[in-house]
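Structural features, examined
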Amino acid sequence: MSSSQFPFLLLQISNCPEEIKQIHASTIKTGSFQRISSRLLSLYSNPKIGNLEYARSVFDRISEPNSLCWNTIIKCYVENNYSQEALVLFSQLLHESFILPDSFTYPSVIKGCGRLNAIEEGKQIQGLAFKCGFGGDMFVQSSLLSLYSKCGEIDLARTVFDKMSSKDLVSWNCLIAGYVRSGDIGTARELFDQMPERDLFSWTALVDGYSKSGKVETAREIFDLMPERNVVSWNAMIDGYMKSRDFVTAETLFNKMPVKSLVTWNLMISGFVFNNRFLDALSVFKAMLKEDVKANDSTLVSAMSAVSGLGLLENGIWIRSYMDKNGFGYDGVLGTSLIDMYSKCGSIESALSVFHSISRKKLGHWSTIIVGLGLHGMAKEALELFEEMKRVGLRPHGITFIGLLNACSHAGKIEQGLHYFQLMVNEHGINPTVEHYGCVVDLLCRAGQLEEAKNVIDKMPMEPNEIIWMSLLSGCRSYGNVDLGEFAAKHVIELDPMATGCYVLLSNIYAAAGLWDQVSELRKVMKMEGVMKDPGRSSIEYGGEIHSFVVGDKNHHQTKDIYSKLEEMKIRLKSSGYIPDTTQVLLCLGEKDKEVELAYHSERLAIAFGLINYEKGKPIRVMKNLRVCNDCHVVTKLLSIIYSCEIIVRDNRRFHHFKNGLCSCRDYW
């Protein structure tokens, strides 16, 4: 055996990356590289070894690469998700080589087009393949079918399918999946019924199609007929029930699943989050961890969204601890979610701490902390961070400006808010969305500039949504403008006849103006339309549980102690000079009854619970679903002095940090 044959024989039996690199180095030294270059290229391109950098290095050193070498390196780039580079290589093959593409080249290149959604390039390659005599090749046709199906060109996919001389199961499935993706479930079903044979993919594609098109019952009929099911089939069915808001059936199926994958757990958690079932989402997340299933980024993002929705700081701290123990970093979307979670749970200090701990901050991190600071009324800090963000060379996007505008709105900085709106358009070239206009309307309405807000709405280039009209209506409630309030309410009801908040705000406007006949008429309309008023509800976290209260609530197991504490609070408030603001009770009651009504507002019950159970010095955090009334705002400021504690309240507008008799909102909310 000659010495030049020895490296080749070694490569035939070697599959160890380090050994292959050693042999590679040896051939360069001995001058035998060209003889074994094709074998080296094949080994480096093997997914089990997977070294694209070395594969390209070998390819570039081959003096005259043959068709096998070109096909190998092009396929290697596609399989490693570098399809753009694969297309560049294909272009070089056409223009710089004497080698012609063959039946192995085209399928790889077409697959690359599919991954890039490069339809026009795919069409050109199809034309070239037909011109060179490969139009009837089964593998070329299959790759074209896959390209057009996945990229939404279903008519072209059907044309390719109909011309195929031999249709295998994969081809049928590919076309069915294409019709499902395009929303044509009827044609997908016709193809399914025509199939000479079906496999698990065929059945699952149809179940998924009916589920996504909202025809859950039909999907269930097919699901029940399936000869076998895998985790994907179960997931498709559960997802269908989640999207149709049939949570009971979704949970039932979930519990019946013989094997649950991480995707399944994530599907349930994200489904509950999407439908604002935050407690259920957290429950599934905790059950998943008990099953020793390790969470991934998607799981944690959904779990933190659930925590954010509930404002459960203790749960949020626990999730962060889990992340740290399991080596999750904060550089990407997890850092953004963590900042958002802390902001929405009332711990802006922790949100800032996470933000400052991230060494390589992305635009998402900056925008999220700016939004969080705005939510807490910390406009000065938000604007300072915005300027710092620009100094480090990051260009803001639309969400950044939503955070800035909200910060200005919550702090009453009207001129600065309008300045940043103009800056967004004129300097950064960002076209305002309906959300940006909503921020400007809210900014003006909070400051009582209602006519100016209406002018902004009138000049918007798009139709105002319900949120914008509700902002105007809320401003009318705060500043007692009956006529404009009726005008805004009319538009809200046109967009959403069941908008409970609209009826409540309009009723409050009438009541504050003493128009009790209109209040009575409005309540009749609400009853007739089946519109139910959302009760004011305040929640507080303690002992790993959420304790919720409504006005005058007596259902809690500590009710006796809570009401005893309320009496104590009442006495101490009176000693501090507190006089109830009965104008905040928009009911036709006597003064004494109004005082009683105020004393038992939901946030006061929650605060009383916190004073009983929280250790001294720990902030009391209350989440409220409605706006804090003026009287409760005054009371909470006084309680922060009387009991020497910090009280943090999140209402449906913003955060209020009460400490030493002051509120972070500076009485502007």
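Before reading on, note that the structure itself is shown above.
Residues numbered from 1 in each chain as written. Predicted model: local features only at pLDDT ≥ 70, side-chain atom pairs only at ≥ 80, totals over all residues. Heavy atoms only, no water.

Brief notes about empty space enclosed by the protein
This is how the line gets drawn: Cavity: a set of points on a 1 Å grid over the protein atoms alone where a 1.4 Å probe fits but cannot get out. Pocket: an open set with protein on both sides within 12 Å along at least five of seven lines, its lining residues, like those of a cavity, having an atom within 4 Å of a point. Grid points are joined across faces, edges and corners, and a volume is the space filled by probe spheres set on the points. Helix and strand labels come from DSSP, where a helix needs a run of H or I of at least four residues and a strand needs a run of E of at least two; each type is numbered from the N terminus. Classification used: nonpolar for Ala, Val, Leu, Ile, Met, Phe, Trp, Tyr, Cys and Pro, charged for Asp, Glu, Lys and Arg, polar for all others including Gly.
Following the criterion strictly, the structure yields 1 cavity of 30 Å³ or more and no others. Around the largest cavity sit L310, G311, L312, S539, I540, E541, I546, R621 and M623, which together line it. Those elements that place two or more of their residues in the lining of the largest cavity are β1 (537-542) and β3 (620-624). The dominant element in the lining of the largest cavity, judged by the number of residues it contributes, is β1, at 3 residues. Broken down by class, the residue content of the lining of the largest cavity amounts to 5 nonpolar, 2 polar and 2 charged.

Regarding the packing of helix α30 (residues 482-495) against helix α31 (residues 500-512)
Using the following cut-off: Simply put, an axis is a line fit to the C-alpha atoms, just over the touching stretch for a helix, and the angle between two N-to-C directions goes from 0 to 180 degrees. Roughly parallel means an angle under 35 degrees; roughly antiparallel means over 145; roughly perpendicular covers 65 to 115; every other angle is labelled oblique. Crossing handedness: left-handed means the near helix sits turned counterclockwise from the far one by under a right angle, and right-handed means the same turn made clockwise. In what follows, a contact means two residues having at least one pair of non-hydrogen atoms within 4.5 Å.
Where α30 contacts α31, the two axes come as close as 10 Å, and the packing angle between them is 165°. Judged by the angle between their axes, α30 and α31 are roughly antiparallel. The way α30 lies across α31 gives a crossing that is left-handed. Residues V482, G485, E486, A489, V492 and I493 of α30 form the contact with α31, whose own contacting residues are C502, Y503, L506, I509 and Y510. The class makeup of the residues in the contact of α30 with α31 is 9 nonpolar, 1 polar and 1 charged.

A closer look at the nonpolar core
Our working rule: By nonpolar core we mean a set of buried residues, namely Ala, Val, Leu, Ile, Met, Phe, Trp, Tyr and Cys, connected to one another through side-chain atoms within 4.5 Å. Accessibility here uses a 1.4 Å probe with only protein chains present; expressed as a share of the type maximum, an area under 20% marks a residue as buried, one over 50% as exposed, and anything in between as partly exposed.
I238, L300, M323, I369 and L472 are the most contacted members of the largest nonpolar core, which has 171 residues in total. Dropping the residues within four chain positions of it, L472 is found in contact with C445, L450, A453, I457, L484 and A488. With 33 residues, the next largest nonpolar core counts L566, M569, A608 and I642 among its residues.

Focus on helix α21 (residues 333-344)
Inclusion rule: To estimate how far a helix should reach, multiply one less than its number of residues by 1.5 Å.
With 12 residues, α21 extends 16 Å between its outermost C-alpha atoms, agreeing within 8% with the 16 Å of an ideal straight helix rising 1.5 Å per residue. Contact partners of the buried residues in α21: α19 (297-310), α20 (313-325), α22 (348-357), α23 (363-375) and β5 (655-659). Immediately downstream of α21, the backbone of G346 shows phi near 90°, a positive value.

From the geometry alone we can't say anything about function, so treat these as descriptive.
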